[in-house]
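Structural characterization, general
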Amino acid sequence: YIKQRKRHTQRQVLLFVSIFSLSSVFGQVTYSVPEEMTKGSLVGNIAQDLGLDVKRLKAGKARIYTEDNTEYIELDKDRGALLVKERIDREALCGQTTPCALHFQITLEEPIEFYIVTVEINDINDNAPSFKKDEMKFRISESAVIGAKFVLERAMDLDVGVNGLQSYSLKPTDNFNLKLQNQQDGSKKVEMVLQKQLDRETQEHLSLTLTATDGGDPQLSGTMRVEISVLDANDNAPVFTQELYKVTIVETAPKGTILNTVSAVDADEGSSGKVSYSITNTLDDVPVMFKIDEDSGVVSLTGNLDYEKSQHYEIHVQASDDGGLTDSCKIIVEVTDTNDNYPSINIMSKTNSISENSRPGTVVTIFNVQDPDSGENGKVTCHIEEHMPFLMKTTSKKFFSLVTDSELDREAASQYNITVTCSDEGVPSLSSSVTLTLQISDVNDNAPVFERSSYEAYIVENNTPGLSIFTVRARDADWNQNARVSYILEDSSVGVPVSSYVSVSADSGVIHAVRSFDYEQIKDFQFRVKAQDGGSPPLSSNVTVKILIQDQNDNPPQVLYPVQTGGSLVAEMVPRSADVGYLVTKVVAVDVDSGQNAWLSYKLQKATDRALFEVGLQNGEIRTIRQVTDKDAVKQRLTVIVEDNGHFPEVLSEFTDFTQDKEYNDNLTFYLVLALAVVSFLFITCLVVIISVKIYRWRQSRILYHSNLPVIPYYPPRYSDTLGTGTLQHVYNYEVCRTTDSRKSDCKFGRAGSQNVLIMDPSSTGTMQRIQSEKTFIFSTTDSDTHD
Ligand SMILES: *[C@@H]1O[C@H](CO)[C@@H](O)[C@H](O)[C@H]1NC(C)=O
Ligand SMILES: *[C@@H]1O[C@H](CO)[C@@H](O)[C@H](O)[C@H]1NC(C)=O
């Protein structure tokens, strides 16, 4: 209202101006009203202001005239007032033009008068600032530099003046500031300026609000969202999750074993965030031993590990993104030992042969043992089999020596196969062994030893010189030359040097008789034989050999009494009155042989009258066996034969042993052969028997002519007393040679078990080698007229 009053004053002023400038215009009035007044609102009391009477208005048919017939204002003739007829929107009416006014005239008739009325429309703050779009979208790289500008949409406010757009604000203000720039057209350019680096990795989306405010009262504002997508830039390097990885792997791990997986993270996205892995070692063999999967970072084994070559690897791994940003890490690989190496035995020095008299402690072999494994796996111990005369000595951890532990004896063991076994202490333990062959060389430490402690041998007298009596034998446990025994006769005297009796073959030990022995001269003798080996110095031993000479019946009995002189007969006198049993004389004979060979028997061989005298078989006494009668011849001639009881040792050699040996298999072949043999034998036997019977009968008729021959008893072949052998233990089957005819000189053999008597023809001495020597002497009685 106060304003209106003031304007009214102005209107007054304007009114007068109008009166003087426009002759046809009776007045001019100006009103000022705000826009958007309600219908019927009073604009002004036009009657009063023009100085007109309400009646005049009515009478004059006052009306409002507008050029474009738009009527926002109506005239109330009753009240003489101008009222708002239509809603007046300043913005629709004038836009941004100021001032904004309605111009019209009020015309009156009778008389015609017209008045110019101007209604100024004042702005009210009825429009808020507004943006065309609700939001604006930006895609800004995170690498955008500070100061980068981004133009924002301007807001519109239809109101003018203070009610128009006054200011902008942008919130939040973390990254961007708002910058307003005045344009030539008076409007403002709205820009947001990057004031702090964007980081996609911390905030991928920013949502800002741009607010435009006017200056009205109350203040109105409009907003717009500013959506910012932060685009990724490769501003992040890959980063390993761990700088150092530690891996333990056994050396026997096969190719392809996965050690571990490394991982690096790249905060970027897309290709900038794609990490690829690689091994960067160049100087060592890591690239050969290991590989890494480019994409997954899986580290695996590609080579053969060997703890003995390398126990430790450092793998340098690089992670890189496509933008070339990198990071690196280190994998420390510790290789652990497994017992994968056998101990190796290296002979450093070796003796192939050692003398049996080597002292205990003599070094046989030196060797060293190597096991490349470590710890227990490489700790090696060596041993040899038990019960060997050797000892293992350790000189250091790796050097061993094998020494003799006790006395050696080649004669007990001439060779040793020594197996040295070395094993480590791994689990399971590995071992290797080597076999050494050691020869024990001979030392002449054994003297020859005779098979018996003494020898006794027998030789039958009258041997041929050079006859081998028997053999002594000595053995020597040594070897080769040390065991080559030679036999030496120890010269000693048995009245004469013994070497004149016997000789010893140095090589064979055969003892030969040098001469023929005579039992009657020497019955036994003994000597020593030395056996000596070929060692240096030689060793020897000796043995006593006793030679016993066996008697042979080589001496005929000697008649001592009656003494014969010059082959004449010996005469004895027998009185005719001599009784029966009268002792005529006694023949005394001796035999220098011994035993049965000296056992004499006396027989009457020839007598003039066999019924008158007898000779005592044992004592040689000649006695009458009947009364001498006158009829008896004066001279009786008797021949007494004295015989010893010798025998022929040669026959002994004819013994045949028939001990039977039954070890036959009961197989068919045997019986077949046996059957065949039996049949054959029977056939041959029959033939022989038939032929023999024929011959026998023919001979028998001839033998009858020679049957009155002296009978010499034959004793079964046995050793003489001096031999001292017992009875024959076996059934002997011995054969005697029976001759029937010296001229034919053939022998017949029969079973001695059935007939022990040799019937002999004294004229057939050529057949028998040693004939019983007999001495026959003849004496006659003193009866001289009797002639035999
Ligand atoms: C030692 O070994 C050799 C050959 O392998 C063999 O002929 C010999 O009989 C062995 N000696 C002993 C005493 O085992
Ligand atoms: C024979 O051997 C014995 C020991 O058996 C010895 O005492 C003796 O001296 C040896 N005799 C000779 C002649 O060598």
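As recorded in an unreviewed UniProt entry, the protein goes by Cadherin domain-containing protein and comes from Lates calcarifer. One UniProt comment on the protein, placed under Function (unreviewed entry), says "Potential calcium-dependent cell-adhesion protein. May be involved in the establishment and maintenance of specific neuronal connections in the brain." For the record of the protein, the UniProt heading Subcellular location (unreviewed entry) holds the text "Cell membrane".

**Focus: the overall build of the protein**
Looking only at helices and strands, one finds 6 helices and 56 strands in the protein. Intrachain contacts of the protein at a sequence separation of at least 6 include 67% that bridge at least 24 residues. Of the roughly 44700 Å² of accessible surface on the protein, a fraction of 52% belongs to carbon and sulfur atoms.

**Let's talk about the sheet that holds strand β11 (residues 176–182)**
Pairing within the open sheet is antiparallel, and its 3 strands lie in the order β9-β12-β11. Only two strands of the sheet have a single neighbouring strand rather than two, namely β9 (149–152) and β11. Neighbour-to-neighbour, the strand axes of this sheet turn through a mean angle of 30°, independent of strand direction. One ladder, built from 4 bridges, connects β9 with strand β12 (residues 188–194); its direction is antiparallel. Paired with Phe150 across the bridge in β12 is Met192.

**Overview of the site of ligand 2**
Near ligand 2 you find Glu490, Arg528 and Asn542, and these make up its full shell. At 2.5 Å from an oxygen atom of ligand 2 is found a side-chain nitrogen or oxygen belonging to Asn542. In the complex, the protein chains occlude 32% of the 360 Å² of accessible area that ligand 2 would expose alone.

**Some remarks on the pattern of salt bridges**
Pairing between side chains of opposite charge can happen when the charged atoms of each approach one another. With the rule as written, the count across this model stands at 26 salt bridges. Note that Glu36 and Arg87 form a salt bridge whose closest N and O atoms lie 2.6 Å from each other. Placement of Glu36 in the loop between β1 (25–34) and β2 (42–44) and of Arg87 in the loop between β5 (81–84) and α4 (90–94) is noted, with a sequence separation of 51 residues between them. Residue Glu36 is classed as partly exposed on the basis of its relative accessible area of 26%. Between Asp632 and Arg626 there is a salt bridge; the shortest N-O distance is 2.8 Å. What you see here is one network of salt bridges that share partners, running through Arg200, Glu201, Glu204, Asp232 and Glu269.

**A word on the side chain of Thr365**
With respect to the helices, strands and loops of the structure, Thr365 is situated in strand β26 (residues 363–370). With relative accessibility at 1%, the residue Thr365 sits in the buried group. Here Thr365 is in contact with Ile347, Ser349, Lys350, Phe400, Ser401, Leu402 and Leu436, once residues within four sequence places are set aside.

**A look at the packing of aromatic side chains**
Aromatic rings in a pair are described by how distant their centres are and how their planes are angled relative to each other. One pass over the full model with this rule turns up 14 aromatic pairs. Centre to centre, the rings of Tyr455 and Phe470 are 5.6 Å apart; their planes meet at 50°, and the pair counts as tilted. Of the two residues, Tyr455 sits in strand β33 (residues 454–460) while Phe470 sits in strand β34 (residues 468–471), which places them 15 residues apart along the sequence. There is no split in this pair, since Tyr455 and Phe470 are both buried. By the ring-pair criterion, three or more aromatic residues cluster together here, those being Phe450, Tyr455, Phe470 and Tyr487. Here Lys523 stacks its cationic end above the ring of Tyr519, 4.8 Å away from the centre of that ring.

**Some thoughts on unusual backbone geometry**
In the segment running from Thr98 into Pro99, the intervening peptide bond is cis, with an omega of -10°. Here Pro99 lies in the loop between α4 and β6 (100–108). At the junction of Ser536 and Pro537, the peptide bond is cis and its omega measures out at -5° in the coordinates. Here Pro537 shows up in the loop between β41 (524–532) and β42 (540–550). Positive phi is not limited to glycine here, since Glu110 has a value of about 50°. Given a relative accessible area of 64%, Glu110 falls into the exposed group. Unusually for a residue other than glycine, His387 sits at a positive phi of about 60°.

**Some details on a nonpolar patch on the surface**
Residues Phe683, Ile684, Leu687, Val688, Ile691, Ile695 and Trp698 make up a contiguous nonpolar surface patch of about 710 Å² in total accessible area. Tracing the backbone through its elements, the reader meets Ile691 in helix α6 (residues 668–703).

**Some thoughts on the sheet that holds strand β4 (residues 73–76)**
The 3 strands are arranged β2-β5-β4 in an open sheet whose pairing can be described as antiparallel. The sheet is open, and its two edges are formed by β2 and β4, each paired on a single side. The mean inter-strand angle of the sheet, taken between neighbouring strand axes irrespective of direction, is 40°. Pairing analysis gives 4 bridges linking β4 to β5, with the strands arranged antiparallel. Bridging from a neighbouring strand, Glu74 pairs with Leu83 of β5.

**Comments concerning the pairing of strand β8 (residues 135–141)**
Residues Met136, Phe138 and Ile140 line the buried face of β8, whereas the alternating positions Glu135, Lys137, Arg139 and Ser141 sit on a face that is not buried. Relative to strand β14 (residues 221–231), β8 is paired through 7 bridges, and the arrangement is parallel. When the sheet's bridge partners are listed, Arg139 is paired in β14 with Ser229.

**Description of the environment of Gly535**
Within the secondary structure layout, Gly535 lies in the loop between β41 and β42. Taking C-alpha positions, Gly535 is 9.4 Å from Val485, a pair spaced 50 residues apart along the chain. When sequence neighbours within four positions are dropped, the list of residues in contact with Gly535 reads Asn444, Gln481 and Asn482.

**Here's the deal with the state of the cysteines**
According to the stated counting rule, one finds 2 disulfides in the structure shown. Note that Cys94 is cross-linked by a disulfide to Cys100, the S-S spacing being 1.5 Å. Because the torsion about its S-S bond is 65°, the bridge between Cys94 and Cys100 counts as right-handed. Given a relative accessible area of 17%, Cys94 falls into the buried group. By relative accessible area, which is 3% here, Cys100 ends up buried. At a sulfur-sulfur separation of 1.9 Å, the disulfide partner of Cys382 is Cys422. Residues Cys382 and Cys422 are joined by a disulfide whose S-S torsion is about 105°; by sign, that bridge is right-handed.

**With respect to the side chain of Asn444**
Here Asn444 is to be found in the loop between β31 (431–441) and β32 (449–450). A polar contact is formed between the side chain of Asn444 and the side chain of Asp533, at a distance of 3.0 Å. Reaching out from Asn444, the side chain makes a polar contact with the backbone oxygen of Pro537 at a distance of 3.1 Å. What Asn444 contacts, discounting residues up to four positions off in sequence, is Asp476, Asp478, Asn482, Asp533, Gly535, Ser536, Pro537, Pro538 and Leu539.

**Some details on the nonpolar core**
With 28 residues, the main nonpolar core has Ile511, Phe525, Phe527, Val529 and Val545 as its most contacted residues. Among the elements of the structure, β33, β34, β36 (486–490), β39 (502–504), β40 (510–513), β41 and β42 are those that each provide at least two residues to this core.

**Describing the UniProt feature "transmembrane region" (unreviewed entry) in the protein**
The positions that UniProt labels "transmembrane region" (unreviewed entry) are, in the present scheme, residues 668–693. Split by type, residues 668–693 is 100% helix and 0% strand. Its first and last C-alpha atoms lie 37 Å apart.

Quick notes on the rules
Residues numbered from 1 in each chain as written. Chains lettered and ligands numbered in written order. Predicted model: local features only at pLDDT ≥ 70, side-chain atom pairs only at ≥ 80, totals over all residues. Heavy atoms only, no water. UniProt positions renumbered as here; feature names shortened; annotations may be inferred. Helix = DSSP H or I, 4+ residues; strand = E, 2+ residues; numbered from the N terminus. Contact = heavy atoms within 4.5 Å. Areas by Shrake-Rupley, 256 points an atom, 1.4 Å probe, with all protein chains shown as cover. Pairing = 2+ DSSP bridges. Axes fitted to C-alpha atoms, helices over the stretch in contact; angles between N-to-C directions. Near = heavy atom within 4 Å. Polar contact = N/O pair within 3.5 Å; in protein donor to acceptor, adjacent residues only side chain to side chain. Salt bridge = Lys/Arg side-chain N within 4 Å of Asp/Glu carboxyl O. Buried < 20%, exposed > 50% of the residue type's maximum accessible area, 1.4 Å probe, protein only. Phe/Tyr/Trp six-rings, centres within 6.5 Å; stacked < 30°, edge-to-face > 60°. Lys NZ or Arg CZ within 6 Å of the ring centre and 35° of its normal. Patch = residues over 30% accessible without salt bridge, like charges linked within 9 Å, V, L, I, M, F, W, Y side chains within 5 Å. Disulfide = S-S within 2.5 Å. Core = buried A, V, L, I, M, F, W, Y, C linked by side-chain atoms within 4.5 Å.

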